[in-house]
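# Descriptive analysis of the structure
Chain by chain, the residues run as shown.
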Amino acid sequence: MKPIRLPQPDSPTAVGVPEIFEGGAHSVVRRAVVIGNGFAGSENQSLGLVRALGLYDQHVLYVSSHASSSVYIICLDLIALEDCCFCWDGPLLVVASGRDTISVASSIKRLASEKVFVIQIQHPRSRLNRFDLVITPRHDYYVLTPEGQKQVPNFMLRWITPQEPPDEHVVLTTGALHQIDFSTLRSAASAWHDELAPLPKPLLVVNVGGPARYCRYGADLAKQLSDFLLSVLATCGSVRISFSEKTPLKVSSVIVKEFAQNPKVYIWDGEEPNPYMGHLAWADAFVVTADSVSMVSEACTTGKPVYVMGAERCTWKLSEFHKSLKERGVVRPFTGSEDISESWSYPPLNDTAEAARRVVEALAQRDLTLRP
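Just so it is clear, the structure is predicted and the values come from calculations on it, not from any experiment.

## With respect to the overall build of the protein chain
Helix and strand counts for the protein chain stand at twelve helices and 14 strands. Residues counted as buried form 51% of the 372 residues belonging to the protein chain. By sequence separation, contacts in the protein chain at least 24 residues apart represent 75% of the contacts at least 6 residues apart. Within the structure as shown, the protein chain displays about 18300 Å² of accessible surface, and the carbon and sulfur contribution to it stands at 54%.

As structure tokens, then:
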């Protein structure tokens with residue numbers, strides 16, 4: 001593309017550079033690119049950060065299944081914009097989450113390092129200098145703790161990552177990033193008012209995930225959860241149960257069989273609209289299965305009682321996550337002996353806002369600012 005030449009002002013400080021760009025336009029981040037992997041949990045973390053930074057209305061999503069094309073589309077776009085001074089509006093913020101986005105994000109950084117600020121969410125395992133900033137949960141460093149070291153045979157220690165403690169461009173969080181904040185909860189409360197506001201109180205919301213690598217369970221946990229829910233049902237006004245896409249039939253069928261005909265209990269059938277946001281806004285308390293860091297983190301953003309089901313089945317770093325929340329008084333184990341009408345609170349998790357603050361600080365070190 002042939003560069004467009006603007007008239008030069010009569011100023012000794014603007015030799016060869018239009019005055020409107022002097023010392024400012026190239027240092028303001030106005031747009032964001034999110035590198036997705038097709039999984040809502042990962043992409044939600046990136047979108048949550050972009051929202052907290054005020055760039056949600058100026059972002060575009062690329063899916064890393066088209067990795068090579070994504071890299072070159074973005075880099076060609078940057079080169080073209082730089083050549084056209086009418087179009088070039090400053091560097092891009094590139095945000096990626098998940099292991100299968102690492103190659104895309106790091107390639108963008110390598111090919112256009114002066115035109116991008118690249119953030120990788122979730123630990124990339126090695127060579128952190130491929131990114132400008134890494135945002136990851138503290139429990140990803142569990143292997144470096146004395147407890148973690150005891151669980152790894154000596155001959156395997158050299159293969160377990162990360163190998164080094166976090167350096168200055170690693171931001172540690174307690175849980176997962178997400179899009180839940182006061183504004184989104186307020187909007188959800190309004191959108192779901194007619195359906196959820198009239199329900200008898202207290203409203204207990206139950207979010208069921210599915211077995212994971214570090215949290216194995218099956219129908220046995222579903223049966224235990226059902227028994228515990230029956231035990232607390234008398235202290236509830238209403239109960240609403242939702243299953244995730246990861247919930248296996250052997251788990252959901254046990255719960256559905258137990259509660260399908262119970263007038264106090266509503267079970268979401270999986271059809272749109274998804275009441276998840278409305279539940280976060282209107283619930284008086286939550287029961288969440290221990291397998292999902294994201295679901296637990298989002299519930300803990302509300303400041304309302306959160307009871308975790310099955311944390312004792314978790315191992316490795318997921319066990320460390322639940323231990324840290326329990327020690328902070330953010331969650332309690334679900335035992336079936338609770339009185340749901342008795343409320344308790346805690347300082348809500350604020351990981352996304354805190355991570356956004358650290359991003360602003362890191363941008364400033366590069367003499368970059370976000371658009372006002």
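## Some words on the nonpolar core
One recurring pattern in soluble globular proteins: nonpolar side chains tend to sit buried together. Grouped together as the largest cluster of nonpolar side chains are 59 residues, with contacts concentrated most on Leu204, Val206, Leu225, Ile241, Ile255, Val306 and Phe334. Sorting elements by how many residues they give to this core places helix α7 (residues 219-232) first, with six residues. For Val206, the residues in contact, after removing those within four places along its chain, are Leu225, Leu229, Val239, Arg240, Ile241, Ser242 and Val287. Counting residues in each nonpolar core, the second largest holds 24 residues, with Val50, Leu53, Leu55 and Leu177 among its members.

## A word on the pairing of strand β8 (residues 203-208)
Remark: a regular strand shows side chains that alternate across the two faces of the sheet. Of all six residues that make up β8, six are buried, and the element is covered over most of its length. Both faces of β8 are covered, namely the face carrying Leu203, Val205 and Asn207 and the face carrying Leu204, Val206 and Val208. Bridge count between β8 and strand β9 (residues 238-243): six bridges; the pairing is parallel. In the strand pairing of β9, Val208 is matched with Phe243. Of the crossover connections in this fold, the one passing from β8 over α7 to the parallel β9 is right-handed.

## Quick look at the sheet that holds β9
Strands sit in the order β10-β9-β8-β11-β12-β13 across an open sheet of six strands; the sheet is parallel. The outermost strands of the open sheet, each flanked by one partner alone, are β10 (265-267) and β13 (332-333). Bridge analysis of strand β12 (residues 306-309) against β13 gives two bridges, and the strand direction is parallel. Residue pairing across strands places Val308 opposite Pro333, the latter belonging to β13. Contacting β8, β9, β11 (285-289) and β12, α7 runs over the sheet at an angle of about 180 degrees to β8. Running at roughly 155 degrees to β9, helix α8 (residues 249-259) makes contact with β8, β9 and β10 of the sheet.

## A short note on the packing of aromatic side chains
One pass over the structure, following the stated rule, counts five aromatic pairs. Seen in terms of ring centroids, Tyr142 and Trp316 are 5.2 Å apart; in terms of plane orientation they differ by 85 degrees. Their pairing is edge-to-face. One end of the pair, Tyr142, is in the loop between β6 (133-137) and α4 (146-150); the other, Trp316, is in helix α11 (residues 316-327), with 174 residues separating them in the sequence. This pair shows no difference in class: Tyr142 is buried, exactly as Trp316 is. Seen in terms of ring centroids, Tyr307 and Trp344 are 5.7 Å apart; in terms of plane orientation they differ by 80 degrees. Their pairing is edge-to-face. With Tyr307 in strand β12 and Trp344 in the loop between β13 and α12 (351-365), the pair connects residues that are 37 residues apart, well separated along the chain. Tyr307 gets classed as buried once you look at its relative accessible area, which sits at 4%. Of the residues examined, Trp344 reaches a relative accessible area of 10% and is grouped as buried. Counting every residue linked through ring pairs, the aromatic cluster contains Phe228, Tyr307, Phe334, Trp344 and Tyr346. Against the face of Tyr266 rests Arg240, its NZ or CZ located 4.0 Å from the ring centre.

## Quick word on the packing of α7 against α8
A pair of packed helices can be characterised by two numbers: the angle between their axes and the separation between those axes. Following both chains from N to C, one finds α7 and α8 inclined at 25 degrees, their axes separated by 8 Å at the closest point. On the basis of their axis angle, the class for α7 and α8 is roughly parallel. The two elements α7 and α8 meet at a crossing, and its hand is right-handed. Residues Ala219, Ala222, Lys223, Leu225, Ser226, Leu229 and Leu230 of α7 form the contact with α8, whose own contacting residues are Lys250, Val251, Val254, Ile255, Glu258 and Phe259. Of the residues that constitute the contact of α7 with α8, the class distribution is nine nonpolar, one polar and three charged.

## Things to note about the sheet that holds strand β4 (residues 92-97)
Reading across the sheet, the six strands line up as β3-β2-β4-β5-β6-β7 and stay open at both edges, with parallel pairing between neighbours. Each end of this open sheet is capped by a strand with a single partner; those strands are β3 (59-63) and β7 (170-173). The sheet shows a mean angle of 20 degrees between the axes of neighbouring strands, taken without regard to direction. Two strands pair when backbone bridges link them, and β6 and β7 are joined in this way by four bridges, in the parallel orientation. Counterpart to Val134 in the pairing with β7 is Val170.

Each value, and the rule that gives it
- Residues numbered from 1 in each chain as written.
- Predicted model: local features only at pLDDT ≥ 70, side-chain atom pairs only at ≥ 80, totals over all residues.
- Heavy atoms only, no water.
- Helix = DSSP H or I, 4+ residues; strand = E, 2+ residues; numbered from the N terminus.
- Buried < 20%, exposed > 50% of the residue type's maximum accessible area, 1.4 Å probe, protein only.
- Contact = heavy atoms within 4.5 Å.
- Areas by Shrake-Rupley, 256 points an atom, 1.4 Å probe, with all protein chains shown as cover.
- Core = buried A, V, L, I, M, F, W, Y, C linked by side-chain atoms within 4.5 Å.
- Pairing = 2+ DSSP bridges.
- Right-handed = clockwise from strand over helix to strand, strands pointing away.
- Axes fitted to C-alpha atoms, helices over the stretch in contact; angles between N-to-C directions.
- Phe/Tyr/Trp six-rings, centres within 6.5 Å; stacked < 30°, edge-to-face > 60°.
- Lys NZ or Arg CZ within 6 Å of the ring centre and 35° of its normal.
- Parallel < 35°, antiparallel > 145°, perpendicular 65-115°, else oblique.
- Left-handed = near helix turned anticlockwise from the far one by under 90°.
- Nonpolar A, V, L, I, M, F, W, Y, C, P; charged D, E, K, R; others polar.

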